[in-house]
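# Working through the structure, step by step
Here is how the chains run, residue by residue.
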Amino acid sequence: MNVDPFSGSSLEDPYRLYERLRHDAPVYQLPETGIWFVTRHDDLVEAASKPEIFSSHISAIVYAGAGTNAVVVPADPDAIGAVDVLATQDPPVHTAQRKLLNRAFVASRMALLEPQIVALLDEKISPPLARGTVEWMEEIANPLPVSMIAGLLGLPQSDLGRLKAWADAGIDLLSGVSTMERMADAWQEMIGFLSYLRERLATPAPESITATIAEAVARGDLSDREGVSLLLQLVIAGSESTAGLLGSAARRLAEDEELQDSLRKDPARIPVFLEESVRLESPFRGHFRVTTRETELGGVKLPEGARVMLMWGSANRDEKAFANAGAVDMEREHPYAHVGFGSGIHFCIGAPLARLEARIVVQALLERTTTFRLSRGAPSPRHVPSVFVRRLTHLHLELISSGDASVA
Ligand code: HEM
């Protein structure tokens, strides 16, 4: 079978490739590499449910390479003073770290942030509404999530530009298609980021999540390195994926005025639409696992040390798991049963925050416009080239405003 997940067309539209893989080679080894793609829903859920065999420890980066075959580039976090935590940890360490942070992200606590998100959005969306146009990614989808996660961590709002640039560097490292020069730069940027976070951990803002982590370090429950690595992971995960969701949801609505109208009439259905958006354009296309021993998945033998990418974006379009998988279905029986937020012990800790942000943003966009659509004459929206994430680079929208003055 001849597939190239790193080609420009596969990166822009991976779904035909996923479909072929699900059909012909659901556990597919990239030729001459120790990398396997898992594309069927049931295989993926099975692997995610066995962390003792499919470990989340990753100390290498998959890279398209200069030739036709992908390569695995060693990237030991230890070399820059970081260490595997939470998303890249296994039980029992993962369990303890998750317990420490779970409370900080529960839905009831996130709900308290609603007025803050509304105010922030109001500030950001009012000028575009007055203008009648917006570059959605730059003005709303990218800055809002980074601002919210920085607030939760107690990081200064004056640092948002730097935080976003660092988050982008972290994502570029894992894109699989960055140039070697960009990889080297991004790696250096991670060193600067960690040293910034080390300072913040030493002087945490009171009652912030950074303070919770600093207290755990002081108690000896976490090492210093674990503390800064947790902060790094939260900034990157908290900024990137929600931006992806805000972009894909706005685009889908911009291309479907009927759907816009139905949600304007019945905003209580916005959360279901957002779950469909996460399912159809999973902001994290996939995450890696590495096998701790020889095993079998979907009838395929995997050696010890196999790097397995669980392709959430493909599993979410598996017709065997979701009828009418390629379309928004507002009547879906179990709209929350997708794997866009993961599956098993690593299920996204930030899902309540992401859902809240997205619900507020989409509701405001619908309430404060009579309609919106892709700007005529603007370049058609394209995605960041990456095997790891799915996020639009730009989204130019024309906003036909209702003339309302505020979000609330
Ligand atoms: C639409 C937005 C988001 C999506 C689609 C998403 C997706 C995911 C996925 C698929 C995983 C599972 C990773 C794995 O199994 O290897 C995950 C885990 C994680 N996410 Fe999210 N995420 C989103 C928002 C956030 C936010 C806002 C935060 C920040 C608070 C966050 C922090 C994390 C962390 C720390 C983990 C690791 C949890 C663990 O290992 O126990 N995510 N996310």
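Below, the structure is looked at part by part. (Residues numbered from 1 in each chain as written. Predicted model: local features only at pLDDT ≥ 70, side-chain atom pairs only at ≥ 80, totals over all residues. Heavy atoms only, no water.)

## A look at the side chain of Arg317
Residue placement: Arg317 occurs in the loop between helix 15 (312-315) and helix 16 (351-367). Leaving out residues up to four positions away in the same chain, Arg317 has contacts with Tyr15, Arg22, Arg252, Leu280, Glu281, Ala325 and Gly326. (Helix = DSSP H or I, 4+ residues; strand = E, 2+ residues; numbered from the N terminus. Contact = heavy atoms within 4.5 Å.)

## Quick notes on the sheet that holds strand 2 (residues 35-38)
As a general point, the strands of a sheet are linked pairwise by backbone hydrogen bonds and lie either parallel or antiparallel. Spatial ordering of the open sheet is given by 1-2-10-7-3, a layout of five strands whose pairing is mixed. The strands lining the two open edges of the sheet, one partner per strand, are strand 1 (27-29) and strand 3 (54-55). Judged from the three bridges that link them, strand 1 and strand 2 form a sheet pairing that is antiparallel. Its bridge partner being in strand 2, Gln29 is matched across the sheet by Trp36. The sheet strands contacting helix 3 (residues 41-48) are strand 1, strand 2, strand 3 and strand 10 (307-310), and the helix crosses strand 10 at an angle near 120°. (Pairing = 2+ DSSP bridges. Axes fitted to C-alpha atoms, helices over the stretch in contact; angles between N-to-C directions.)

## Some points on the pattern of salt bridges
For the coordinates displayed, the defined rule picks out 24 salt bridges. The residue Glu255 makes a salt bridge to Arg251 at a minimum N-O spacing of 3.3 Å. A salt bridge links Glu281 to Arg390, with the shortest nitrogen-to-oxygen separation between them at 2.5 Å. Residue Glu281 is found in the loop between helix 14 (270-280) and strand 7 (287-291), and its partner Arg390 is found in the loop between strand 11 (369-374) and strand 12 (396-401); the two are separated by 109 residues along the sequence. Arg390 matches Glu281 in its accessibility class, with the two residues each being buried. Salt bridges here are not isolated pairs; linked through shared partners, they connect Lys164, Asp168, Glu240 and Arg391. (Salt bridge = Lys/Arg side-chain N within 4 Å of Asp/Glu carboxyl O. Buried < 20%, exposed > 50% of the residue type's maximum accessible area, 1.4 Å probe, protein only.)

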